Amino acid sequence: MSANVSAPVEADLDVLIVGAGLSGVGAAWHLQHRCPDQSYLILESRESLGGTWDLFRYPGIRSDSDMYTFGYAFRPWTDGKVFADGPSIRNYVNDTAEEAGIAPNIRYQHKVVGAHWSTEDARWTVEVAVGESGAIKRYTAKFVFLCSGYYRYDRGYMPDFPGMADFKGDVIHPQLWPEGYDYAGKRVVVIGSGATAVTLVPAMSDKASHVTMLQRSPTYIAARPSVDKTADFLRKVLPAKTAYGLTRIKNVLQAILIFQMSRRWPDFVKKGVLKAIQEQLGEDFDVEKHFSPSYRPWDQRFCLAPEGDFFDVLKSGEASIVTDQIERFTENGILLKSGETLEADLIIPATGLEMQVGGGMDITVDGQPFVAPDHVTYRGMMLSDVPNLALAFGYTNASWTLKVDLTAERVCRLINHMKARNLDYVVPTPPEGLETLPLLDFSSGYVQRALPTLPRQGATPPWRTYQNYLQDMFAIRYGKLEDGHVRFGTAGDQVFRAGAPLTEAAE
């Protein structure tokens, strides 16, 4: 698809940021402070900022990462709650945008539908559907920063369960939760065992008559304190920013330690997790059946239960857990493969997300369509043979914002480097025959479903995406920009190659 040349150009900018969520607002802050001479706008498809934390409104919505690392490095999290609820995070992002003067640079109901690079002009032409009418406007920009997340906003993943049409109650996907929905007194079945399910079960137990979590297979769940005593102490004796920084470092190191232990001694970590759950639920609870996954710790994300709230409602009888498979929906609930029936008034398929790159926009480079699996990621933040475009893509084993902050720093370094040397673009160029691997080494269902449609990663650095903050910090923050893996150029350069052959490594 070529750019819509009939639509007027609204503005020619240095940087266009796509998405006004946690990542987009953070990227704008870095631009303002590290590249103050650069003009920018944030284009947001929805009517308000906040991204995930404005979209998701299901009961109990909260972060499953601690806010001392999930918050911005440049703006201390002072709320006190380690795992913050959705509204608190949304307010945090909103306050950041207001206080930093970012808010006036956000354009709402501006959905990016296409981005087209021209080497001749060294510019992106970005097509935007505006408002309810979807009228197309165009923006041009030297650099595009995709901060639109990694999943579809308009729908979540919904399996085609047999007999769904027969069920007489309500079926609501958490991603599309209707605000104000009354579930008081209802029998609720939550399908799934991920972070959303583990959040919903205790959050709904006080009003629902009973909540059942139905899982096909167990996941790792660990209780965590909702207050960080170290952070509280440091705030009493040190300036807020210093206390926040030290707590952040402590939590980063702690997360790295736990992850490395999980990789090196998975059986030891698993045994410790199951022992802690058994102590929470008592000797009579079948922990092995309901909480012993078949995969190693951190092959999927750990689910966290603040103050053990998930285990508390199981122990009290307000909620229960069933490990079984669905035969079909019935008029009054769900028939399981075992023959048992779960009666329900409300069924919540917490069955995950649909992943996609760049919000599903159409991307071309010098007229050639962008096909994601044909490209590899560079330092987990750019794509091979795609100039002047960066992705905000966080960690799977740690707080999302840690990597996004580093990515924004690197983008600003690149922009300043090009300006100082009168260069117009930078493009990652992989070596011929680079062996590739799936983008994510993660066994979660939503990741496995999406892998064939996503870019890949290289088997060697800097094409390999490492899930290690300290390693990335030194490489991204301090590593050479002209590292032999990117090419810089000026407008009108000979069109660069579409990409060298890549080979898939043995998996």
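Each remark here, short or long, concerns the structure printed above.
In this report, we go over the structure that sits alongside the text.

Quick notes on the rules
- Residues numbered from 1 in each chain as written.
- Predicted model: local features only at pLDDT ≥ 70, side-chain atom pairs only at ≥ 80, totals over all residues.
- Heavy atoms only, no water.
- Pairing = 2+ DSSP bridges.
- Helix = DSSP H or I, 4+ residues; strand = E, 2+ residues; numbered from the N terminus.
- Axes fitted to C-alpha atoms, helices over the stretch in contact; angles between N-to-C directions.
- Salt bridge = Lys/Arg side-chain N within 4 Å of Asp/Glu carboxyl O.
- Buried < 20%, exposed > 50% of the residue type's maximum accessible area, 1.4 Å probe, protein only.
- Parallel < 35°, antiparallel > 145°, perpendicular 65-115°, else oblique.
- Contact = heavy atoms within 4.5 Å.
- Nonpolar A, V, L, I, M, F, W, Y, C, P; charged D, E, K, R; others polar.
- 1 Å grid on protein atoms, 1.4 Å probe; cavity = no way out; pocket = protein on both sides within 12 Å on 5 of 7 lines; lining within 4 Å.
- Points joined across faces, edges and corners; volume = space filled by probe spheres on them.
- Phe/Tyr/Trp six-rings, centres within 6.5 Å; stacked < 30°, edge-to-face > 60°.

## A short note on the sheet that holds strand 14 (residues 333-336)
So, step 1. In spatial order, the strands read 13-14-15; together these three strands make up an open sheet with antiparallel pairing. Looking at the sheet topology across the chains shown, the edges are occupied by strand 13 (326-330) and strand 15 (341-343). Averaged over all adjacent pairs, the angle separating strand axes in this sheet is 20 degrees, with direction ignored.

## Some points on the pattern of salt bridges
So, step 1. A full pass over the atoms with the stated rule returns 23 salt bridges.
So, step 2. For R90, the salt bridge identified is with D54, shortest N-O distance 3.8 Å. With R90 in helix 4 (residues 86-99) and D54 in helix 2 (residues 52-55), this residue pair connects regions lying 36 residues apart in the sequence.
So, step 3. Since its relative accessible area comes to 18%, R90 is described here as buried.
So, step 4. Across the pair K250 and D228 runs a salt bridge, and its minimum N-O distance is 2.8 Å. Of this pair, K250 sits in helix 7 (residues 240-264) while D228 sits in the loop between strand 10 (221-224) and helix 6 (229-237), and the two are 22 residues apart along the sequence.
So, step 5. Given a relative accessible area of 27%, K250 falls into the partly exposed group.
So, step 6. By relative accessible area, D228 is classed as buried at 9%.
So, step 7. The structure contains a network of salt bridges with shared partners spanning R46, D54, R57, R90 and E179.

## Regarding the packing of helix 7 against helix 8 (residues 266-281)
When two helices pack together, their arrangement is given by the angle between the helix axes and the distance between those axes.
So, step 1. Relative to each other, helix 7 and helix 8 sit at 115 degrees, their axes nearing to 5 Å. With respect to helix 8, the element helix 7 is oriented roughly perpendicular. The residues of helix 8 that touch helix 7, namely those facing M261, S262, R263 and R264, are P266, F268 and V269.
So, step 2. Of the residues contributing to the contact of helix 7 with helix 8, the split by class is four nonpolar, one polar and two charged.

## A few points about the layout of surface pockets
So, step 1. The computed volume of the second largest pocket comes to approximately 610 Å³.
So, step 2. Considering the residues around the second largest pocket, the lining is formed by 32 residues, among which R224, I258, W298, F302 and L304 are closest to the centre.
So, step 3. At eight residues, the largest contribution of residues to the lining of the second largest pocket is made by helix 7.
So, step 4. Of the residues that constitute the lining of the second largest pocket, the class distribution is 19 nonpolar, nine polar and four charged.

## Comments concerning empty space enclosed by the protein
So, step 1. One pass over the structure, following the stated rule, counts four cavities of 30 Å³ or more.
So, step 2. Counted as a void, the largest cavity has a volume near 240 Å³.
So, step 3. In terms of lining residues, the largest cavity is bounded by 24 residues, among which T377, L391, A392, F393 and L439 are the most central.
So, step 4. Here the lining of the largest cavity is built from residues that sort into 14 nonpolar, nine polar and one charged.
So, step 5. Taken as a whole, the second largest cavity spans an internal volume of roughly 90 Å³.

## A short note on the packing of aromatic side chains
So, step 1. The tally for this structure, following the rule as stated, stands at 25 aromatic pairs.
So, step 2. Plain terms: the ring middles of W77 and Y92 are 5.3 Å apart, the flat faces sit at 75 degrees to each other, and that makes the pair edge-to-face. With W77 in the loop between helix 3 (67-70) and helix 4 and Y92 in helix 4, the pair connects residues that are 15 residues apart, well separated along the chain.
So, step 3. Under the relative-accessibility criterion, Y92 is labelled buried at 5%.

## Considerations on the pairing of strand 22 (residues 425-428)
So, step 1. Where burial is concerned, the two faces of strand 22 agree: the one with Y425 and V427 and the one with V426 and P428 are both buried.
So, step 2. Looking at chain direction, strand 22 and strand 25 (residues 486-489) are connected through four bridges and run antiparallel. Bridge assignment links V427 to a residue of strand 25, and that residue is R487.

This is a description of form; function is not addressed.
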